[in-house]
Amino acid sequence: MNAMVAMERDELTGLPGRAASLERLDQWLAREGVPVHAMVLSLGRFETVNLAFGEATGDGALAEVARRLMHFGEDEFELSDWIAARLGGGKFLLALREDCTRERWQWLAEALADAVALPIAAVESDASLRLWPRIALIRAAPGEDSRALLDRLAEALGRMKGQPGRRTEWIDRQKAPDGISGAQLEADLMGAMARGEIEVRFQPQYALPEDVLIGAEALARWQHPVLGLIGAGPLFAIAQRADQTSALSRHVAERALDIAREWPELLRLSLNITPNDLASPNFANDFLALLGQSGFDPHRLTLEITEQVLLADLDMAAAVLAKIQSAGIALSLDDFGAGFCNFRYLKLLPLSALKLDRTMVEGIAENSRDLAVLRAIVAMARALDLTVVAEGIDTEEKRRIVAGEGCSSYQGFLRARPMKPDAFAKLAMARAAAA
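This is a predicted model, so every value here is computed, not measured.

In this section: the overall build of the protein chain. Secondary structure assignment for the protein chain yields 16 helices and 16 strands. Computed over its C-alpha atoms, the radius of gyration of the protein chain comes to 21 Å, within 12% of the 22 Å expected for a compact globule of 435 residues. Over its C-alpha atoms, taken along the principal directions, the protein chain stretches across nearly 55 × 50 × 45 Å. Residues counted as buried form 54% of the 435 residues belonging to the protein chain. Restricting the contact set of the protein chain to residue pairs at least 6 apart, pairs at least 24 apart contribute 69%. When the accessible surface of the protein chain is summed, it comes to about 19100 Å², and 51% of that surface belongs to carbon and sulfur atoms.

The final tally for this structure, using the stated rule, is seven aromatic pairs. Their ring planes at 75° and their centres at 5.1 Å tell us that F202 and W263 sit as a pair that is edge-to-face. Of this pair, F202 sits in strand β8 (residues 198–207) while W263 sits in the loop between α8 (245–260) and β11 (268–272), placing them 61 residues apart in sequence. Through a chain of ring-to-ring contacts, the aromatic side chains of F77, W82 and W105 assemble into a single cluster. Over the aromatic face of W170 sits the side chain of R102, whose NZ or CZ is 3.9 Å from the ring centroid.

Another aspect to go through is the pairing of strand β13 (residues 330–336). For β13, the tally of buried residues reaches seven of seven residues, placing the bulk of the element in the interior. Pairing between strand β12 (residues 301–305) and β13: four bridges, direction parallel. Counterpart to L303 in the pairing with β13 is L331. In this sheet, strand β14 (residues 353–356) lies alongside β13 in parallel orientation, the contact comprising three bridges.

This next bit is on the nonpolar core. The biggest cluster of nonpolar side chains holds 111 residues, and the ones touching the most others in it are I198, L269, L271 and L301. The element contributing the most residues to this core is helix α4 (residues 102–116), with eight residues. When residues no more than four places from it in sequence are discounted, the contact partners of I198 are L189, A192, M193, A220, R221, W222, L235, L248, H251, V252 and R255. Membership of the second largest hydrophobic core comes to 22 residues, among which are L25, I83, A95 and L149.

Turning our attention to the sheet that holds strand β6 (residues 133–139). Sheet architecture is open: five strands sit in the order β2-β3-β1-β6-β7, paired in mixed fashion. On the outer flanks of this sheet lie β2 (81–88) and β7 (168–170), each paired with one strand and no other. With strand direction ignored, the average angle separating the axes of adjacent strands in the sheet is 20°. Here seven bridges tie strand β1 (residues 36–43) to β6, and the two strands are oriented antiparallel to one another. Looking across to β6, one finds that M39 is bridged to L137. Across the face of the sheet, helix α1 (residues 18–30) comes into contact with β1, β2 and β3 (91–97) while running at roughly 145° to β2.

Moving on: the pattern of salt bridges. Tallied over the full model, the rule gives 32 salt bridges. The residue R67 makes a salt bridge to D335 at a minimum N-O spacing of 3.6 Å. With a gap of 268 residues between them, R67 in helix α3 (residues 55–76) and D335 in strand β13 connect regions that are remote in the sequence. By relative accessible area, which is 15% here, R67 ends up buried. Across the salt bridge formed by E169 and R159, the nearest N and O atoms sit 3.2 Å from each other. Of this pair, E169 sits in strand β7 while R159 sits in helix α5 (residues 146–160), and the two are ten residues apart along the sequence. Exposure class is identical for E169 and R159. Each is buried.

A word on helix α14 (residues 368–383). Two residues of an α-helix separated by three or four positions point the same way, owing to the 3.6 residues in each turn. With 16 residues, α14 ought to run about 22 Å at 1.5 Å a step, and its terminal C-alpha atoms sit 23 Å apart, in line with that. Of all the residues in α14, the buried ones are L371, L374, I377, V378 and A381. The buried residues of α14 occupy an angular sector of 125° when projected down its axis, which confines them to one face. Turned more than 90 degrees off the buried face of α14, the exposed positions are S368, R369 and A383. Tucked into the core, α14 has its buried residues touching β13, β14, β15 (387–391) and α15 (396–405). One or two positions beyond α14, positive phi appears at D385, with a value near 60°.

Turning our attention to unusual backbone geometry. Along the chain, L208 connects to P209 via a cis peptide bond; the corresponding omega equals 5°. With phi around 60°, D243 is a residue other than glycine that occupies positive phi space. Tracing the sequence through the fold places D243 in the loop between α7 (232–241) and α8. Residues other than glycine seldom take positive phi values, yet D335 does so here, at roughly 55°. The exposure class of D335 is buried, given its relative accessible area of 16%.

Bringing the environment of L185 into the picture now. Tracing the backbone shows L185 in helix α6 (residues 182–194). Since its relative accessible area comes to 4%, L185 is described here as buried. With 77 residues separating them along the chain, L185 and L108 place their C-alpha atoms 13 Å apart.

Attention now goes to the packing of α1 against α5. Relative to each other, α1 and α5 sit at 115°, their axes nearing to 8 Å. When the interaxial angle is binned, α1 and α5 end up roughly perpendicular. Taken together, the residues of α5 that come into contact with α1 (itself represented by R18, L22, L25, D26 and L29) are S146, R147, L149 and L150. The residue makeup of the contact of α1 with α5, split by class, is five nonpolar, one polar and three charged.

Conventions and cut-offs
- Residues numbered from 1 in each chain as written.
- Predicted model: local features only at pLDDT ≥ 70, side-chain atom pairs only at ≥ 80, totals over all residues.
- Heavy atoms only, no water.
- Helix = DSSP H or I, 4+ residues; strand = E, 2+ residues; numbered from the N terminus.
- Rg over C-alpha atoms; globule rule 2.2 N^0.38 Å.
- Buried < 20%, exposed > 50% of the residue type's maximum accessible area, 1.4 Å probe, protein only.
- Contact = heavy atoms within 4.5 Å.
- Areas by Shrake-Rupley, 256 points an atom, 1.4 Å probe, with all protein chains shown as cover.
- Phe/Tyr/Trp six-rings, centres within 6.5 Å; stacked < 30°, edge-to-face > 60°.
- Lys NZ or Arg CZ within 6 Å of the ring centre and 35° of its normal.
- Pairing = 2+ DSSP bridges.
- Core = buried A, V, L, I, M, F, W, Y, C linked by side-chain atoms within 4.5 Å.
- Axes fitted to C-alpha atoms, helices over the stretch in contact; angles between N-to-C directions.
- Salt bridge = Lys/Arg side-chain N within 4 Å of Asp/Glu carboxyl O.
- Expected span 1.5 Å × (residues − 1).
- Arc of directions from axis to C-beta.
- Parallel < 35°, antiparallel > 145°, perpendicular 65-115°, else oblique.
- Nonpolar A, V, L, I, M, F, W, Y, C, P; charged D, E, K, R; others polar.

As structure tokens, this is what we get:
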């Protein structure tokens, strides 16, 4: 289970703070047998963000980095013991208690740096900013304590200041493993798609207040022979560099629709739309043709879109989505509350649901302001005739609260983690038998 549950949290980002992370690391390091890996991410010259864009944008950028760090960890470490934390200022920790090769830890650091370096919208203008992350990496030595570990990581970060362009540094000063070149990784992906090796896993979704299974979100996973399991975010980043995003998106949609066609009719399927999908003027026609070939009922399908997908051309996106919605497909605005949501989306797009980002429910059981924000979002959604889906529900108390506040459904580790098709099929058949 994710080690972040029940920890004291940083007020700005919702992540555990330095003291909580030190305590968790010491618990891990005191156990023998399973190695501990850690990386510290530092945002270079972060103070200039506040000067250039204002403190509100600076705080928002830190919150967005925390969100990306959490999404990254949940994608990559589904079944592992891991922690993400804010150490203070622009420094964040990601640590893992699991067997992990040096090559994989190096690749994960590079993939995380790519995710953090993506543009972040400014609060008080139409501008966007890019952060320059540097990451120090370590595999803990036997007998090491958490403070010594973080001190050595800080020393490695300090060495990087005089090396412009360098993004990662191992504390032992050894050369980063050669691993796999970007070009080779892109070629591996194309081969994996051709051989049907990209997996689709399903994150179950449950109705509220009944707490019964109503469907699942399809998630892409790739078991690379050298790097291990690669989650959806880094997987699509590799595809983007190879100019294969649309091909990968179609590949995942085809497989998910083919699998879901065998589910009981009372269950729905959710698919994600990428920016490249929506940027294509032919996307609606191509997707509806694919759906027709699959034989899956469009009225059982939801397409999830994120704010990032919509940034380029909102008017064109609205036209494409209207055509899709006219076929009976539901549309959900994903990761709602993350970043700086443009409420114009709610006016122009034919949405049927808002899917709350997990950061919007993280503190609702302990923090009255977090609960007030949830209530305000649900009230706004109700006024717009939109349902609200809660993501990241990992405790019974959170489930009870979102049910009581009027959310229509939820997903999260409380009931299930993303699962392979056969496992979800068993869950689906049990649900059908109980209906």
